[in-house]
Amino acid sequence: MDFLMSGLAACGACVFTNPLEVVKTRMQLQGELQAPGTYQRHYRNVFHAFITIGKVDGLAALQKGLAPALLYQFLMNGIRLGTYGLAEAGGYLHTAEGTHSPARSAAAGAMAGVMGAYLGSPIYMIFPPQSWKLALVAAMMSGIAVVLAMAPFDVACTRLYNQPTDAQGKGLMYRGILDALLQTARTEGIFGMYKGIGASYFRLGPHTILSLFFWDQLRSLYYTDTK
């Protein structure tokens, strides 16, 4: 049940944050492999992109890709939060004396995934359920470090996924993630590797806290009904 509830919680959060994923993807593809100042900027920033997409393509366009996004979130966060939930329910996060063990929590977080350890584990164990607003602030602050570290790889992945391919399915623009990073840095400069970072940041914090909040509420309902 932990895996199921975790996946459902992540899907619930995804419905709210998917529009920012759409904005982020479009901003990352804007001016691909073109030097700054040589192409038309359709989106000036995350807010302008959000309004422009809604006006030009319609509000439904802000939820493009929702179906695969839900599947992705269900599988990814179902494993992350579900594994951590099992470790918690099994008592592996506490010592024989019943006190919380930071070392065991870190190990459980590593098993659940780097993101789960960095964002999910500390927030869930430190703050009581009544203080979820404080967890939101913590998630947003920690999100800065995560976004700064992941943004270049996120841009590269987005471009790899969207590049044209030949008849054999081989990419025509990039040979792999390192090639995508190098080409982007050489052509667009260091800032080209951080396109869409605003959308990434505003998506990461709310998505993390909504996933954890929905997960906590679903687990509370489940354990209350089974008592």
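A brief look at the structure comes next. Keep in mind that what you see is a predicted model, and the values were worked out from it rather than measured.

## Details of the pattern of salt bridges
(1) Moving on: What the rule picks out here adds up to 6 salt bridges.
(2) Moving on: For Lys-24, the salt bridge is made with Glu-21, and the minimal N-O distance between the two is 3.2 Å. With Lys-24 and Glu-21 both in helix H1 (residues 2–29) and 3 residues apart, the pair spans about one turn of that helix.
(3) Moving on: Asp-57 serves as the salt-bridge partner of Arg-26, at 2.6 Å between the closest nitrogen and oxygen.

## Considering helix H7 (residues 177–188)
(1) Moving on: With 12 residues, H7 should cover 16 Å at 1.5 Å per step; its first-to-last C-alpha distance of 16 Å lies within 8% of that length.
(2) Moving on: Asp-179, Ala-180, Leu-181, Thr-184 and Glu-188 are the residues of H7 that are buried.
(3) Moving on: Of the residues one or two after H7, Gly-189 is the one with positive phi, at around 85°.

## Re the nonpolar core
(1) Moving on: Judged by nonpolar contacts, Leu-20, Val-22, Val-23, Met-27, Tyr-43, Val-46, Ala-49, Ile-53, Ala-61, Leu-62 and Ala-199 together constitute the single largest core of 11 residues.
(2) Moving on: Ignoring any residue separated from it by four or fewer positions in sequence, one finds Val-23 in contact with Val-46, Ala-49, Phe-50, Ile-53, Leu-62 and Ala-199.
(3) Moving on: Counting 8 residues, the second largest nonpolar core, distinct from the first, contains Ala-9, Tyr-84, Leu-93 and Trp-215.

## With respect to the environment of Gly-65
(1) Moving on: The residue Gly-65 is located in the loop between helix H2 (46–56) and helix H3 (66–89) in this model.
(2) Moving on: When the C-alpha positions of Gly-65 and Glu-21 are compared, they lie 9.2 Å apart, and in sequence the two are 44 residues distant.

## Observations concerning H2
(1) Moving on: For H2, every residue scored as buried is listed here: Val-46, His-48, Ala-49, Thr-52, Ile-53 and Gly-54.
(2) Moving on: Residue Asn-45 occupies the N-cap position of H2, its side-chain oxygen lying 3.1 Å from the main-chain nitrogen of Phe-47.
(3) Moving on: With its phi angle positive at about 95°, Gly-58 sits one or two positions after the end of H2.

## Quick word on a nonpolar patch on the surface
(1) Moving on: Taken together, the side chains of Phe-153, Ile-177 and Leu-178 make up a nonpolar region of the molecular surface, amounting to roughly 300 Å² of accessible area.
(2) Moving on: Counting through the fold element by element, Leu-178 comes out in helix H7.
(3) Moving on: A residue is classified by how much of its surface remains accessible, and Leu-178, at 62% relative accessible area, is exposed.

Conventions adopted
- Residues numbered from 1 in each chain as written.
- Predicted model: local features only at pLDDT ≥ 70, side-chain atom pairs only at ≥ 80, totals over all residues.
- Heavy atoms only, no water.
- Salt bridge = Lys/Arg side-chain N within 4 Å of Asp/Glu carboxyl O.
- Helix = DSSP H or I, 4+ residues; strand = E, 2+ residues; numbered from the N terminus.
- Expected span 1.5 Å × (residues − 1).
- Buried < 20%, exposed > 50% of the residue type's maximum accessible area, 1.4 Å probe, protein only.
- Core = buried A, V, L, I, M, F, W, Y, C linked by side-chain atoms within 4.5 Å.
- Contact = heavy atoms within 4.5 Å.
- Polar contact = N/O pair within 3.5 Å; in protein donor to acceptor, adjacent residues only side chain to side chain.
- Patch = residues over 30% accessible without salt bridge, like charges linked within 9 Å, V, L, I, M, F, W, Y side chains within 5 Å.
- Areas by Shrake-Rupley, 256 points an atom, 1.4 Å probe, with all protein chains shown as cover.

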